[in-house]
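Each chain is listed here by its residues.
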Amino acid sequence: MENLSFEQGPIRPPNEAKSLLLRFTRNCPWNQCLFCPVYKGRKFSLRTVEEIKKDIQTAKDIADDIKALSWQLGQSGQVTDQVASHIFSSSNHSDAYRSIAAWLYYGTGACFLQDADNLVMPTKDMVAVLEFLREKFSDITRVTTYSRSRTIVRKSAEALKSLKEAGLNRVHVGLESGYDPVLKMMKKGVTGAQHVEAGKKIVGAGIELSEYVMPGLGGRDLWKEHALATADVLNQINPHFIRLRSLRVPDRIPLFKLLEEGSFKMQTDDMLAEEIKLFIANLSGITGIVTSDHIMNLLEEVSGKLPEDREKMLEVIAGYQEMPDTDRLIYRLGRRGGAYRSTEDVKRDPATYRKLSNLIRELEAKGGKEEVERFITGMVDQYV
Ligand code: SF4
């Protein structure tokens, strides 16, 4: 049993780290976005209903086996610390076995369907596998998937409702921008108007909608238009969640070429703070949640419920902007290196502050301010 396995894809959103991961399709049917490294060089394919059902059955068999083990260990079928350490301390268990153990241990009841655009599946096939999933795991509380706006606009309202009835609760969409010239430049393959239409359709079907926005995608030339048009598109949709995931450009993504040529210029962290301020200030009529739960974001505390937390979010940004230059640099270094999560940490922890100051002095001695920036960039880009 411990060698049983099923297929899993390469990524899931940060908030699905403790979810059951099941792969419904492979890779991305579009695969052209210049800023996206995830599926480049990999071919998209649909999986058959039989293949996916087999994976779900395997996941269920593993879950049953783990629960039986728990009873044997006197843990009443629960995946306690003792059960988890029994599984994780042995090298005999497959990755799939371990991931089911971790899922049961955390007890989120959530399931995330991989890969990039599952609504591209024929609706009747997706309904069939969702129903099978709900039948096998009757205690799952939430089923979420990624999809593209271009795919969603092609689905009828009835099709989306049948997916909701079969058990799909939430869809993550990579909106990235609402500004057409930016969407075009980045080869996103969708317009702002299509984002609005798709978003409204998902919400209209009673499915929760999570929109990913990419601060920085307009570069230095189009940052204002990008921020304003993106806020405008979201205002028309009123999604349940807006998730910020700031642009990074490591050398393995296609956008890096434009950066090298000079036709795209990256926003600095300070410029991004100003862009996000403009974006948040222009969200209106939205009653959802904003989160910055991605490690690539500089200011994780720009999060809260709209409209009541808007001022709090703007204050976080203002707090960063008002820091003395030295402290701002220390915060950026600490945040990117994982030492800080809040701008307040800069004042709270003198020992870390001293260490980071020393590191900055060493880097500057080696190659001036540019060396500090290179070091920070290297640290953030490792997460892309
Ligand atoms: S649609 Fe999504 S997964 Fe596909 S290339 Fe674009 S960003 Fe990447």
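Only a predicted model underlies this, so the values are computations on that prediction, with no experimental measurement involved.

Chemist: Help me out: how do you make sense of helix α13 (residues 325-336) in this one?
Modeler: For an α-helix, the turn length of 3.6 residues means that residues three or four places apart are oriented alike. For α13, built from 12 residues, the straight-helix expectation of 16 Å at 1.5 Å per residue is met to within 8% by its first-to-last C-alpha distance of 17 Å. Taking burial as the measure, the 12 residues of α13 include 10 buried ones, the bulk of the element. Among all positions in α13, only D327, R328, L329, I330, Y331, R332, L333, G334, R335 and R336 are buried. In the core, the buried residues of α13 are packed alongside α11 (269-281), α12 (310-321), α14 (345-348) and α15 (350-381).

Chemist: Looking at this model, I keep getting lost on helix α8 (residues 192-204). Mind explaining?
Modeler: Relative to the 18 Å expected for 13 residues at 1.5 Å per residue, α8 spans 18 Å between its end C-alpha atoms, a close match to the ideal helical length. Looking at α8, one finds that the buried residues are G192, H195, V196, A198, G199 and I202. Where α8 is buried, its residues touch α5 (149-153), α6 (157-166), β6 (170-176), α7 (180-185), β7 (208-213) and α9 (219-237). Just downstream of α8 lies G206, where phi reads positive at about 85 degrees.

Chemist: I would appreciate a short explanation of the site of the ligand in the present structure.
Modeler: In the vicinity of the ligand, the contacting residues are C28, N31, Q32, C33, F35, C36, Y39, K40, A116, R148 and K188. Class assignment for the residues of the shell around the ligand results in 6 nonpolar, 2 polar and 3 charged.

Chemist: Could you clarify how one ought to interpret the pattern of salt bridges in this entry?
Modeler: Close approach of charged atoms lets side chains of opposite charge pair. Under the criterion given, the structure shown has 27 salt bridges. A salt bridge links R170 to E208; the nearest nitrogen and oxygen atoms lie 2.8 Å apart. Placement of R170 in strand β6 and of E208 in strand β7 is noted, with a sequence separation of 38 residues between them. Take R170: its relative accessible area is 7%, and that puts it in the buried class. One salt bridge in this structure joins E344 and K347, with 3.5 Å as the shortest N-O distance. One salt-bridge network, held together by shared partners, links E7, R23, R26, R47, E51, D55 and D115.

Chemist: In this structure, what is going on with the side chain of D269? I would like to understand it.
Modeler: In this fold, D269 is placed in helix α11. A polar contact is formed between the side chain of D269 and the side chain of R332, at a distance of 2.7 Å. Polar contacts involving the side chain of D269 include one to the side chain of R336, which spans 3.1 Å. In contact with D269, other than residues within four places in its own chain, are L298, Y320, R332 and R336.

Chemist: I keep staring at the packing of helix α4 (residues 123-136) against α6 and nothing clicks. Help me out?
Modeler: A packed helix pair is summarised by two numbers, namely the angle formed by the two axes and the spacing between the axes. Orientation of α4 relative to α6, taken along the N-to-C sense of each, is 15 degrees, at an axis distance of 8 Å. The orientation of α4 with respect to α6, classified from their angle, is roughly parallel. Judged by the sense of rotation from one axis to the other, the crossing of α4 with α6 is left-handed. Residues T123, M126, V127, L130, E131 and R134 of α4 lie in contact with α6, whose contacting residues are A159, S162, L163 and A166.

Chemist: Sorry, what's going on with the nonpolar core here?
Modeler: Nonpolar side chains tend to gather and get buried jointly when the protein is soluble and globular. Among the nonpolar cores identified, the biggest contains 88 residues, and L22, I66, L113 and F279 are the most heavily contacted of them. It is helix α1 (residues 49-72) that contributes the most residues to this core, 8 residues altogether. When sequence neighbours within four positions are dropped, the list of residues in contact with L22 reads F6, I56, A59, C111, F112, L113, Q114 and L133. The next biggest cluster of nonpolar side chains, apart from the first, holds 14 residues, and it includes V182, M214, I253 and F264.

Quick notes on the rules
Residues numbered from 1 in each chain as written. Predicted model: local features only at pLDDT ≥ 70, side-chain atom pairs only at ≥ 80, totals over all residues. Heavy atoms only, no water. Helix = DSSP H or I, 4+ residues; strand = E, 2+ residues; numbered from the N terminus. Expected span 1.5 Å × (residues − 1). Buried < 20%, exposed > 50% of the residue type's maximum accessible area, 1.4 Å probe, protein only. Contact = heavy atoms within 4.5 Å. Near = heavy atom within 4 Å. Nonpolar A, V, L, I, M, F, W, Y, C, P; charged D, E, K, R; others polar. Salt bridge = Lys/Arg side-chain N within 4 Å of Asp/Glu carboxyl O. Polar contact = N/O pair within 3.5 Å; in protein donor to acceptor, adjacent residues only side chain to side chain. Axes fitted to C-alpha atoms, helices over the stretch in contact; angles between N-to-C directions. Parallel < 35°, antiparallel > 145°, perpendicular 65-115°, else oblique. Left-handed = near helix turned anticlockwise from the far one by under 90°. Core = buried A, V, L, I, M, F, W, Y, C linked by side-chain atoms within 4.5 Å.

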